[in-house]
Amino acid sequence: MSELLINRHDRVLLLTLNRPQARNALNNGLLTQLADALDAAQQDSSVGAVVVTGSERVFAAGADLQEMAQKDLAATLNDIRPRIWARIEAFSKPLIAAVNGYALGAGCELGLLCDVVVAGDNAAFGLPEITLGMIPGAGGTQRLIRCVGKSLATQMVLTGRSINAQRAQQAGLVSEVHPVGLTVEYALGLAATMAKHAPLALQAAKQALRQSQEVSLSAGLAQERQLFSLLSATDDRREGINAFLDKRQPEFTGR
């Protein structure tokens, strides 16, 4: 049985984490499959956006502790895991997480890495590593504090306690909350809306949004303007403007 299920919904790719016996724990094998699928989607012009989800009971309950327990300091320092996470982060098309149930540890970090999180009303987000004598190691401390702010991020990391979907939405970690059975449907709809837009504009917008968390305002404004200017040379920009003036739907080609 494959640990990552791959399905197409027109221009949207749906990736489903499928390790039910381990509550979708993200071991290196599953993360590699996820990175491979995103690499393939990156090169496939027919894919406009990707949704990643788990089951209705659990998104991903963390890293695989059995795998982690076998690694000493040397093995941890030389682990391929950071490189796998970097491959996932490098995906330049819209990446949406549809989260039902627990998103803990590495599962929460995967959600934080995605561009948008759509949650079921049973979702719970947390970084419980402190309870195991560890700290988050895949971006949790850095992305969570940028997402929800200092006080809540510190509380979550230092207590190991989770927050529910409603609190996560209030804090800015989640954009929408829906009944469990509709979470994936709404995420696919959101992804489809994004996927119909000009591919180069989507990539530029995603790049600018991500940079906003890493550079000063002035540097971010300069990069935004540079990307805005570069898009003026694309066929899709001309098509978008002409379609608007002609009162018709644009036909974007990714050029």
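Residues numbered from 1 in each chain as written. Predicted model: local features only at pLDDT ≥ 70, side-chain atom pairs only at ≥ 80, totals over all residues. Heavy atoms only, no water.

For clarity, the threshold we go by: UniProt positions are given in the numbering used here, feature names are shortened, and annotations may be inferred rather than shown by experiment.
Taking an unreviewed UniProt entry as the reference, the protein is identified by name as 2,3-dehydroadipyl-CoA hydratase PaaF belonging to Scandinavium lactucae. Under Sequence similarities (unreviewed entry), UniProt gives the following word-for-word description of the protein: "Belongs to the enoyl-CoA hydratase/isomerase family."

### Regarding the pattern of salt bridges
Counted only if it meets this: In the sections that follow, a salt bridge refers to a side-chain nitrogen of Lys or Arg positioned within 4 Å of a carboxyl oxygen of Asp or Glu. The helix and strand labels rest on DSSP assignments: H or I over at least four residues marks a helix, E over at least two residues marks a strand, and numbering proceeds from the N terminus. Note on classification: 1.4 Å probe, protein chains only; a residue is buried when its accessible area is under 20% of the maximum for its type, exposed when over 50%, partly exposed between these limits.
In total, this model carries 10 salt bridges according to the counting rule given. Across the pair Arg-210 and Asp-115 runs a salt bridge whose closest N-O atoms are separated by 3.5 Å. Placement of the pair is Arg-210 in helix H10 (residues 199-211) and Asp-115 in the loop between helix H5 (106-113) and strand E7 (116-120), with a sequence separation of 95 residues. Residue Arg-210 is classed as partly exposed on the basis of its relative accessible area, which comes to 22%. The network of salt bridges with common partners includes Asp-36, Asp-39 and Arg-87.

### Describing helix H6 (residues 140-148)
Cut-off, in case you're wondering: Think of it as the arc spanned by the lines of direction from the helix axis to the C-beta atoms. Contacts were defined at the residue level, with two residues in contact if any of their heavy atoms lie within 4.5 Å.
Listed as buried for H6 are Gly-140, Leu-144 and Val-148. Across the axial projection of H6, the buried residues extend over an arc of 20°, all falling on one side. On the buried face of H6, the contacting elements are H5, helix H7 (150-159) and helix H8 (165-171). Once H6 finishes, Gly-149 follows within two positions and takes phi at roughly 95°, a positive value.

### Some remarks on the pairing of E7
To keep things clear, this is the line we draw: Here the rule is simple: two strands pair whenever DSSP picks up at least two bridges between them.
Among the five residues that make up E7, five are buried, leaving the element largely enclosed by the rest of the structure. Covered by surrounding structure in E7 are Val-116, Val-118 and Gly-120 together with Val-117 and Ala-119, the residues of both alternating faces. When strand E5 (residues 95-99) meets E7, the two strands line up parallel, connected through four bridges. The partner of Ala-98 across the bridge, within E7, is Val-118. Relative to strand E10 (residues 176-178), E7 runs parallel, the two sharing three bridges. Bridged to Gly-120 within E10 is His-178.

### Regarding the sheet that holds strand E9 (residues 163-164)
Here four strands make up an open sheet; going across it, the order is E4-E6-E8-E9 and the pairing mixed. What marks the edges here is a single partner per strand, and that holds for strand E4 (58-60) and E9. Where strand E6 (residues 102-104) meets strand E8 (residues 124-126), three bridges bridge the pair, whose relative direction is parallel. Along E8, the bridge assignment pairs Ala-103 with Phe-125.

### With respect to the nonpolar core
Heads up, the rule is: Nine residue types can take part in a nonpolar core, namely buried Ala, Val, Leu, Ile, Met, Phe, Trp, Tyr and Cys, and a core is a set of them joined through side-chain atoms within 4.5 Å.
In terms of nonpolar packing, the biggest core is built from 49 residues, with Ile-88 and Phe-125 touching the most fellow members. With 12 residues, the next largest nonpolar core counts Leu-14, Ile-96, Val-118 and Ala-195 among its residues.

### Topic: the packing of H5 against H6
Filter applied, for reference: An axis is simply a line fitted to the C-alpha atoms; with a helix, the fit covers only the stretch in contact. Between two such axes, the angle follows the N-to-C directions and lies from 0 to 180 degrees. For classification, angles of less than 35 degrees are called roughly parallel, those exceeding 145 degrees roughly antiparallel, those between 65 and 115 degrees roughly perpendicular, and all remaining angles oblique. Each helix crossing is assigned a hand: it is left-handed if the near helix lies turned anticlockwise from the far helix by less than a right angle, otherwise right-handed if that turn is clockwise.
At a minimum axis separation of 10 Å, H5 and H6 run at an interaxial angle of 55°. The pairing of H5 with H6 is recorded here as oblique in orientation. Both H5 and H6 take part in a crossing whose hand is left-handed. Of the residues in H6, those touching H5 at Glu-109, Leu-112 and Leu-113 are Gly-140, Arg-143, Leu-144 and Cys-147.

### A short note on the side chain of Asn-18
Worth spelling out the cut-off: Here a polar contact is taken to be a pair of N or O atoms separated by no more than 3.5 Å, where protein atoms must pair a possible hydrogen donor with a possible acceptor and residues adjacent in sequence count only if both atoms sit in side chains.
For Asn-18, the position within the fold is in the loop between strand E2 (12-17) and helix H1 (28-43). There is a polar contact of 2.8 Å between the side chain of Asn-18 and the backbone oxygen of Ser-2.

### Examining the state of the cysteines
Quick note on the threshold: In this description, the term disulfide denotes a pair of cysteine sulfurs within 2.5 Å.
For the structure on display, the rule yields zero disulfides. Summary of cysteine pairing: Cys-108 is not part of a disulfide, and the nearest cysteine sulfur, belonging to Cys-147, is at 8.7 Å. Of the residues examined, Cys-108 reaches a relative accessible area of 1% and is grouped as buried.

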